[in-house]
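As a plain string of letters, each chain reads:
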Amino acid sequence: MKLRLKIWRQPNATEKGKFATYDMDNVSPEMSFLEMLDSLNGTLVEKGEMPVAFEHDCREGICGSCGLYINGHPHGPQKLATTCHLYMRVFRDGQTIVVEPWRARPFPVIRDLIVDRTSLEKILVAGGYISVDTGQAAESNTTKIQKENADESYDSAVCIGCGACVAACKNASAMLFVSAKVSQFALLPQGKVEAKRRVQRMVARMDELGFGNCTNSYACEAECPKGIKITNIARMNREFWKAKVCGQKTV
Amino acid sequence: MTKLDSKIPQGPLAEKWTHYKEHARLVNPANRKKLDIIVVGTGIAGSSAAATLGEMGYNVKVFCYQDMPRRAHSVAAQGGINAAKNYKNDGDSVFRLFYDMIKGGDYRSREANVYRAAEVSNASIDQLVAQGVPFAREYGGTLANRSFGGVQVSRTFYAQGQTGQQVLLGCYSGLCRQVDLGTVTMYPRRDVLDIVVIDGKARGVVARNLVTGVIERHAAHAVVLATGGYGTIYYLSTLAVNSNATAAWAAYKRGAFFGNPSFVQIHPTSLPVLNEYQSKLTLMSESLRNDGRIWVPKDKEDKRHPNHIPEEDRDYYLERRYPAYGNLVPRDVGSRAAKERCDAGYGVGPTGLSVYLDFKDAIQKQGKKAIAAKYGNLFELYHRVTGSDPYEEPMRIYPAGHYTMGGLWVDYGLMTTINGLFAIGESNFSDHGANRLGASSLMQCAGDGYFILPYTLSDYLAAEIRTPHIATDDKAFEEAEKNVTGRIDKLMKVNGRKTALSFHKRLGNIMWNHCGMARNEEGLKKAYDMVEELEKEFWKDVRIPGTPNELNQELEKAIRIADFFGLAKLMITDALDRKESCGAHFREESQTGSGEAQRIDSTYSYVAAWEYTDEAGTPVLHKEPLVFENVELKERSYK
Ligand SMILES: Cc1cc2nc3c(=O)[nH]c(=O)nc-3n(C[C@H](O)[C@H](O)[C@H](O)COP(=O)(O)OP(=O)(O)OC[C@H]3O[C@@H](n4cnc5c(N)ncnc54)[C@H](O)[C@@H]3O)c2cc1C
Ligand code: FES
């Protein structure tokens, strides 16, 4: 296949970026999107140019490192797939592909297609955990957990922290990400003790970090490579109001 | 010369760890605040260790090269984590788990360490569950289990096909909590490139900030490496592509012995090589072998579509050769059997280098829904990568480099031969002998980090309470920093024509062909020379654009590959030394009449611990004799 790539190039956080155009004529439909970029980078390096910087590690859709904004979609046109699981067979011969980094205020660009997503971690640090010291846990099977709840908790827990939801949202809201973590714990008995404090602190931190509000456009759910459901947001809102009404003051 | 002392406690096997804990020295809570610990690595081993040490009150600094700890390679583990809970009432016990691991490792691991790993396994599950890890459950609300290769009980806990993700996120949440509490400081996007040793003790690291390129010095009273495995030496492997050996290699060069470097597990069920661009071999979890049946056509010339090959024309070669374990033989056995069929010309697919993994019978018996509930995401994954639907036709699989049993040599306290330098998780050599059983790495990583290192490290630090904070202006820091900057300058100056990746591919090829699933003297010797040649070429012709003072991914790759050359030679040297076959190490010269691995216990019942001499010199071999007091050495039979 022949392709024209328009890729965002930006040497660092402070300098301005711009699109650069690269024509490729030997793209195999069997390649993954990242392998296609490897191949472009090989050519650039051999010419002594700086390759396109992008993040990746597992290359099997689980670490959440990769994340490119491709033709207007986080992770590209394929549903339920990370960029590393996007294969070139979904593109047409002769197509132009525009590749950008995640664009969101809380994710500043570091270089080219790499952004800083540690704001997501800062939200987790504010309460995305259950406080249990090592060695203090009881025998697991003394607490029975309904299979349905465990399964639903798992469905929320599979978030890979890639930030596609934020990139997809016109307000750069992190509600899907935060609500997935809140839901995972809210559905389990272990998570109940700290539930109020957790939701309040995490939401407050999210606001502080400059993530926007949720205005129910559902773009996050549509673009999430892991199929995290928007119902998590509703659950988080309930948890949040429950905490407010009960007058929890530990924020 | 350093003497090899494994420091195994006295007493009966089942009491050693209790005895150790009862006699270990402690650091009182007021003193812990004054002690700094560096943990390199945030996989399940590093995260669980760092969080627990933080909880105890130590000052912990944690390093990883990803942007966040949660992305460490552990996140990709699929199938499960073992524990001896005996929830299935199928005869499991700590002793049986220990025994399975010793036998599975082909009697090349240390009894005391393996027993301890089994002993703490149950507590790890309890810890993870309490942290909110949503493991699979039965309708009655209790935890579910499944079976893995090489054992006859169901002791594997799992979260669909994403157990590693869930376990790592559990450990990571504990780490986040400690960051919140201020006991742990994170240093992400750092490559640790050297270990600083002052007066014989590990006192810090030199790291490159991957965003700015700045070389940083970090000091501590002790250093823990939890840097994972080096299976990426084969270039194509099931590991996250940035996995590497650099930190362990730096430790080796500073005096930490390397244990059994050639022991690498080749996993039987990975996606085959599909094309020349492929950058990764995606694993198809071993759990699939619970329901999938592996076969090739009986007739080499049978080119029919697999769905059209009737039962009587299929060779279910694992069931045929190993009736007792069938498709659930251990990995090394399964991999070699696949290689044997393909080498003999029975392989399928365009390259002839793959075999079928078929779910037809399971779908017929249990229904598509039941199979989807167990393996849905793996089936989707397979479909996505290959374009073929495993509900409709069999998967095609082939062995791939997967796990390194070899690693830094450690004593019972998980300390390397450098005082104050510890190695945990996949980065050490300790628990899996010559072959690892499925779901036992997560178990080891969590056990090391949560329950073992916190005791053994405290025992070491008890003697350090009078040592003030270590200053980073010591000569040793200067020397280590010079070493790092010198190496980087040298790499930048080569200014050749070829990419670092192209060298990695070639190195991987050499290692896969000659130091992979099967090894022989001639091939190994040839491979050694080829690696040397390639290394020379690398230092003449690698091209790294840009400067070291910026985010430079080509430089990162080149640094890692430069270290791989040395490690490749050490692996080959080790494989040459061990003229027996054991576990995953298959020396073609040493096999039984039926093609199984032939151990030679009288000569090779030892751990090979290699000591670095200098860049050009040959490493020195130290042997730690393996003493078996609780199991009888047998031929490892799965028939
Ligand atoms: C595809 C796949 C599936 C698997 N499935 C299972 C399974 O089901 N069950 C099981 O028990 N095992 C499984 N394994 C094995 C298991 O996942 C690993 O052995 C285990 O996760 C290793 O964990 P770790 O904590 O030792 O290191 P890793 O998770 O590999 O983490 C290494 C860490 O070290 C850091 N690091 C490394 N070098 C440096 C450096 N120089 N500077 C700074 N940081 C550094 C990295 O950033 C990372 O944080 C699987 C392995 C693979 C490849
Ligand atoms: S590289 Fe890990 S999710 Fe894509």
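Residues numbered from 1 in each chain as written. Chains lettered and ligands numbered in written order. Predicted model: local features only at pLDDT ≥ 70, side-chain atom pairs only at ≥ 80, totals over all residues. Heavy atoms only, no water.

Next up on the list: the overall build of chain A. Of regular secondary structure, chain A possesses 8 helices and 7 strands. When the backbone C-alpha atoms are referred to their principal axes, chain A occupies close to 60 × 40 × 35 Å. Evaluated residue by residue, chain A yields a buried proportion of 61% over its 251 residues. Partitioning the intrachain contacts of chain A with sequence separation of at least 6 by distance along the chain shows that 70% fall at a separation of at least 24. (Helix = DSSP H or I, 4+ residues; strand = E, 2+ residues; numbered from the N terminus. Buried < 20%, exposed > 50% of the residue type's maximum accessible area, 1.4 Å probe, protein only. Contact = heavy atoms within 4.5 Å.)

Looking only at helices and strands, chain B has 18 helices and 19 strands in total. In summary, chain B has a C-alpha radius of gyration of 24 Å against a globular reference of 26 Å for 639 residues, a match within 12%. Each of the three principal axes of chain B carries a C-alpha extent, and together these read 75 × 60 × 50 Å. A separation of at least 24 residues holds for 74% of the contacts in chain B among residues at least 6 apart in sequence. Just so you have it, chain B exposes about 21,100 Å², and 49% of that area is on carbon and sulfur atoms. Treating the 79 positive side-chain charges of chain B as one cloud and the 77 negative ones as another, the clouds have centres 2 Å apart. (Rg over C-alpha atoms; globule rule 2.2 N^0.38 Å. Areas by Shrake-Rupley, 256 points an atom, 1.4 Å probe, with all protein chains shown as cover. Lys, Arg positive; Asp, Glu negative; His and termini not counted. Charge placed at Lys NZ, Arg CZ, Asp CG, Glu CD.)

As a further point, take the domain arrangement of chain A. Residues and elements named next belong to chain A. Domain boundaries in chain A define domain 1 (3-111) and domain 2 (117-131 + 143-246). Computed over C-alpha atoms only, the centres of domain 1 and domain 2 are separated by 28 Å. At the interface, 21 residues of domain 1 touch 21 residues of domain 2. Taking both sides of the interface into account, the surface hidden between domain 1 and domain 2 amounts to around 1,600 Å²; carbon and sulfur atoms contribute 58%. The three residues of domain 1 that bury the most area against domain 2 are Pro-74, Pro-106 and Phe-107, which together make up 34% of that side's buried surface. For the pair domain 1 and domain 2, the number of links is 1 salt bridge. Here Arg-117 and Glu-55 are joined by a salt bridge, their closest N and O atoms 3.3 Å apart. Tallied by class, residues from the side of domain 1 that touches domain 2 come to 11 nonpolar, 6 polar and 4 charged. (Domains from an automatic or database assignment. Buried area = accessible area lost by both parts, 1.4 Å probe. Salt bridge = Lys/Arg side-chain N within 4 Å of Asp/Glu carboxyl O. Nonpolar A, V, L, I, M, F, W, Y, C, P; charged D, E, K, R; others polar.)

We now examine the site of ligand 1. Residues and elements named next belong to chain B. With respect to spatial proximity, 37 residues lie near ligand 1, and among them Gln-66, Ser-74, Glu-426, Ser-441 and Leu-442 are the closest. Within the contact set of ligand 1, an oxygen atom lies 3.0 Å away from a backbone nitrogen or oxygen of Ala-45. A distance of 3.4 Å is found between an oxygen atom of ligand 1 and a backbone nitrogen or oxygen belonging to Ala-226. Across the complex, the protein chains shield 99% of the 1,000 Å² of accessible surface that ligand 1 would expose by itself. Of all the secondary structure elements, the ones that give two or more residues to the shell around ligand 1 are helix H3 (44-56), strand S6 (190-198), strand S15 (395-404) and helix H13 (440-461). Each residue belonging to the shell around ligand 1 can be placed in one class, and the counts come to 17 nonpolar, 16 polar and 4 charged. (Near = heavy atom within 4 Å. Polar contact = N/O pair within 3.5 Å; in protein donor to acceptor, adjacent residues only side chain to side chain.)

Residue and element names in this part refer to chain A. Taken across its 7 residues, strand S1 (residues 3-9) has 5 buried, putting it largely inside the fold. One ladder, built from 7 bridges, connects S1 with strand S2 (residues 18-24); its direction is antiparallel. Within S2, the residue paired with Leu-3 across the bridge is Met-24. Across 4 bridges, S1 lies against strand S5 (residues 96-100) in parallel orientation. Among the inter-strand pairings, Ile-7 is bridged to a residue of S5, identified as Val-99. (Pairing = 2+ DSSP bridges.)

Let's shift gears to the interface of chain B and chain A. The interface of chain B with chain A comprises 76 residues on the first partner and 78 residues on the second. Interface area for chain B against chain A, summed over the two sides, is near 6,300 Å², with a carbon-plus-sulfur share of 52%. At the surface where chain B touches chain A, the tally comes to 7 salt bridges. With its nearest N and O atoms 2.6 Å apart, the salt bridge here joins Lys85(B) to Glu139(A). Elements represented by at least two residues in the side of chain B that touches chain A include exactly H3, helix H6 (121-130), helix H7 (163-181), helix H12 (368-386), H13 and helix H17 (553-577) of chain B. A breakdown of the residues in the side of chain B that touches chain A according to their chemical character gives 30 nonpolar, 29 polar and 17 charged.

On to the side chain of Arg321(B), then. Residue and element names in this part refer to chain B. In this structure, Arg-321 sits in helix H9 (residues 317-321). Engagement of the side chain of Arg-321 in a polar contact is seen with the side chain of Glu-596, the distance being 3.2 Å. Not counting the four nearest positions on each side in its chain, Arg-321 is found in contact with Ala-337, Glu-340, Ser-594, Glu-596 and Lys-639.

To continue, consider the sheet that holds strand S12 (residues 293-297) of chain B. Residue and element names in this part refer to chain B. Reading across from one edge, S11-S15-S14-S12-S13 is the order of the 5 strands in this open sheet, with antiparallel pairing throughout. The open sheet has two edge strands, strand S11 (264-270) and strand S13 (314-315), and neither has a second partner. Inspection of the sheet shows strand S14 (residues 355-358) paired to S15 by 3 bridges, in the antiparallel sense. Bridging from a neighbouring strand, Tyr-356 pairs with Arg-396 of S15.

Another point: the packing of aromatic side chains. Residues and elements named next belong to chain B. Within this structure, the stated rule accounts for 34 aromatic pairs over all chains. Pairing Tyr-375 with Phe-379 gives two aromatic rings, centres 6.3 Å apart and planes at 10°, and the pair type is stacked. With Tyr-375 and Phe-379 both in helix H12 and 4 residues apart, the pair spans about one turn of that helix. The pair Tyr-375 / Phe-379 is uniform in exposure class, with both members buried. Where Tyr-604 meets Tyr-606, the ring centres are 6.0 Å apart and the plane angle is 45°; that geometry is what we call tilted. Each member of the aromatic cluster is reached from another via a ring pair, and the members are Tyr-230, Trp-249, Tyr-252, Phe-258 and Tyr-612. The ring of Tyr-638 carries Lys-103 above its face, with NZ or CZ at 4.4 Å from the centroid. (Phe/Tyr/Trp six-rings, centres within 6.5 Å; stacked < 30°, edge-to-face > 60°. Lys NZ or Arg CZ within 6 Å of the ring centre and 35° of its normal.)

Residue and element names in this part refer to chain B. Assigned domains of chain B: these are domain 1 (13-24 + 34-263 + 405-464), domain 2 (267-402) and domain 3 (487-606). On a C-alpha basis, the centroid separation for the pair domain 1 and domain 3 is 25 Å. Between domain 1 and domain 3, the residue contacts involve 33 residues of the former and 42 residues of the latter. In terms of surface lost to domain 3, no three residues of domain 1 exceed Arg-108, Ile-233 and Tyr-234, which account for 24% of the buried area on that side. There are 4 salt bridges connecting domain 1 and domain 3. Here Arg-599 makes a salt bridge to Asp-106, at a shortest N to O gap of 2.8 Å. Counting across the domain 1 and domain 3 interface gives 15 residue pairs in polar contact (both at pLDDT 80 or more). Looking at the side of domain 1 that touches domain 3, the elements that each hand over two or more residues are S6 and helix H8 (246-253). Broken down by class, the residue content of the side of domain 1 that touches domain 3 amounts to 18 nonpolar, 10 polar and 5 charged.

Now for the sheet that holds strand S10 (residues 258-259) of chain B. Residue and element names in this part refer to chain B. Pairing is antiparallel across the open sheet formed by 4 strands, whose spatial order is S16-S10-S18-S19. The open sheet is flanked by strand S16 (407-408) and strand S19 (620-625), the only strands paired with a single partner. Bridging between strand S18 (residues 606-611) and S19 involves 6 bridges; their strand directions are antiparallel. Looking at S19, one finds that Tyr-606 is bridged to Pro-625. Against the sheet, H17 makes contact with S10, S18 and S19, and its axis sits at roughly 145° relative to S18, the strand it touches most. (Axes fitted to C-alpha atoms, helices over the stretch in contact; angles between N-to-C directions.)

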